[in-house]
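# Architecture and fold: a report
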Amino acid sequence: MADNLPSEFDVIVIGTGLPESIIAAACSRSGQRVLHVDSRSYYGGNWASFSFSGLLSWLKEHQENSDIVNECPAWQEKIHENEEAIALSRTDKTIQHVEVFCYACQDLHEDVEEAGALQKNHASVTSVNCTEAADSACLPVEDESLRTTSCEIPAEQTPSSDPERALEVNDVQVTGEKENCCDDNTCVPSTAAKETSENVPVAEDTAEQPKKNRITYSQIIKEGRRFNIDLVSKLLYSRGLLIDLLIKSNVSRYAEFKNITRILAFREGRVKQVPCSRADVFNSKQLTMVEKRMLMKFLTFCMEYEEHPDEYKAYEEITFSEYLKTQKLTPSLQYFVLHSMAMTSETGSSTIDGLKATKNFLHSLGRYGNTPFLFPLYGQGELPQCFCRMCAVFGGIYCLRHSVQCLVVDKESGKCKAIIDQYGQRIISKHFLVEDSYLSENTCAHVQYRQISRAILITDRSVLKTDSDQQISILTVPAEEPGTFAVRVIELCSSTMTCMKGSYLVHLTCTSSKTAREDLEPVVQKLFTPYTETEIENEEIEKPRLLWGLYFNMRDSSDVNRNTYNDLPSNVYVCSGPDCALGNDNAVKQAEALFQQICPNEDFCPPPPNPEDIILDGDSLQPEASESSALPEASSETPKESSNLRNPEEPSK
């Protein structure tokens, strides 16, 4: 409980999103005493992943817009005369315009319940346009590990892992149970297997699968624990900052990844596969031999464009789209490069930005597969938890469902000195990191936020049917009207452990110009068709059928300048929520910049020490050990780096 919490720390982190989790891990690794709290009952904030019932619970929470925990009525009395308080918000206002739609057959019965649920889960959805779907669902009680108010995690109680394990990229479906260590006293930040430990294909289940093209809402409810639905849709560049950080810090041993198998383009009303690698280009039947040579020549230039400034300097003032028209590329090649490699729009980036994005795309090719991207098994919500686990290994203390009422500021120095939590306990610290969503309206009165439009769909098959039903795809649909933005579509199959067998989980993302539904529904209508009983027997239907859909807008605070917040002390740092970009570079850059302000002379997330090199107090061989301990620092990093990378120039098998 809160009474057991120490009264003083070096760093207090409020919120468990990806940037906060990385900073907590880095500070704990550098020897800082870290307290990491979150008023929510789950890790990740807006970076989290949910089972289907968990997502309905999350929706209900946001629709009710109720306080997550009760306020301590007497916290104002704990503020002294020479202090002032900065109250924190107790409601999350980062999600707006939530709309839920159910298209699948709603043949629910009283005995339908989620497989593995702790208690019966009765759900009722009564119309295709059902914005009250979450309200009408009685959801199962959360796992005991999620209801822990306070849990301290000593390093010695963390599950052991093979330190030589490489960044694991899987091309086959996972068949083993995920580890999930939690007891009454210790709660290791487990991965999304907290709700999806049963999200493992079992041979017997195939016999119970209904007839193809016949997925009902009751089946989605029953198989709800096989879903891991991300609030934010992102991929990892194989040579991006986050992959490099995962490898460097050895946090990669806590997660597993799959290659994105193909990159798609939407042109002339049809979905087509884009050739990426050299082999794909020369094997493609879409391109003529002349086009193949044109494309390879241009891509070779993009890899070395910085060495040939004379070839692009004259075009710096125009858009990348206009620049491509000056090159010897056919319209179809221009389209592929612009939308499927640089992943930008006609007006979205300059020539330099486009060349840089294309080089980044090409630079990541071949490290772990034939595309530049990786996706974490069990969803993006795994990543914050991996760094939380690293923080816990080095002594960080975690408290979920533990809200902070206010920051206590010393009037004389102008610095924050403590927090007061929901139990009225005052906890002192030197540095404070706060997720943007926890700041009150008064603090954010002058902040102008952007918005992200999101849609999450469950469909019955892929947007581009092939022989394999286990494709993981990314598709960019260009904007058609002025003032709108290109829509990024990521389609996940069941082998990513994010959806049930026979279904696909589709994420749509764009920068908001209107509500999420208004922004994204035109693209949904182009790619999918609503599920109706009359079409079940029609095997020739071209588009995948929609079974269930969710639209919402999410706040984007990634470009907010710290100076726009009102009266924040210098030792209070703000972490932003997810941005609209495909990768996670912004979160890593932000985490490293804030860490350097807190610990200016420390290495950012260095590799963990070799257990054999650790010297315990009172060791009789300490003089000899200390002499030899200087050697492994040079020798141990080399094999560890090569072991993690597994010769990145070779694609994984």
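Notes on the structure follow. Here the structure is a predicted model, which is why all the values come from computation and not from measurement.

## Topic: the packing of helix α6 (residues 241-249) against helix α14 (residues 585-598)
Where α6 contacts α14, the two axes come as close as 8 Å, and the packing angle between them is 55°. In terms of orientation, α6 lies oblique with respect to α14. In contact with Leu241, Leu242 and Leu245 of α6, α14 contributes Asp585, Val588 and Lys589. Residues belonging to the contact of α6 with α14 are distributed by class as follows: 4 nonpolar, no polar and 2 charged.

## Topic: the sheet that holds strand β17 (residues 426-428)
Spatial ordering of the open sheet is given by β4-β15-β16-β17, a layout of 4 strands whose pairing is antiparallel. Two strands bound the open sheet, and with one partner strand each, they are β4 (83-87) and β17. Going across the sheet, the axis of each strand differs from the next one's by a mean of 30°, ignoring polarity. Taken together, the 5 bridges between strand β15 (residues 404-410) and strand β16 (residues 416-421) define a ladder with antiparallel strand orientation. Along β16, the bridge assignment pairs valine 409 with cysteine 416.

## Thoughts on the pairing of β16
Consecutive side chains of a regular strand alternate in pointing toward one face of the sheet and then the other. Most of β16 sits out of view: 5 of its 6 residues are buried. Here β15 folds back onto β16, and the loop between the two strands holds 5 residues, one of which, glycine 414, carries a positive phi near 75°. Relative to β17, β16 runs antiparallel, the two being bridged by 3 bridges. Across the sheet, isoleucine 419 pairs through a bridge with isoleucine 427, a residue of β17. Turn length for the β16-β17 hairpin, with the two strands adjacent in sequence and antiparallel, is 4 residues, and the turn residue glycine 424 shows positive phi of about 85°.

## Comments concerning the pairing of strand β24 (residues 545-556)
The element β24 is extensively covered by neighbouring structure, given that 12 of its 12 residues are classed as buried. Pairing between strand β5 (residues 95-102) and β24: 6 bridges, direction antiparallel. By the bridge assignment, phenylalanine 101 is partnered in β24 with glycine 549. Sheet analysis places strand β23 (residues 529-530) next to β24, joined by 2 bridges and oriented parallel. In the sheet register, proline 530 faces β24, and the bridge partner there is leucine 546.

Parameters and conventions
Residues numbered from 1 in each chain as written. Predicted model: local features only at pLDDT ≥ 70, side-chain atom pairs only at ≥ 80, totals over all residues. Heavy atoms only, no water. Axes fitted to C-alpha atoms, helices over the stretch in contact; angles between N-to-C directions. Helix = DSSP H or I, 4+ residues; strand = E, 2+ residues; numbered from the N terminus. Parallel < 35°, antiparallel > 145°, perpendicular 65-115°, else oblique. Contact = heavy atoms within 4.5 Å. Nonpolar A, V, L, I, M, F, W, Y, C, P; charged D, E, K, R; others polar. Pairing = 2+ DSSP bridges. Buried < 20%, exposed > 50% of the residue type's maximum accessible area, 1.4 Å probe, protein only.

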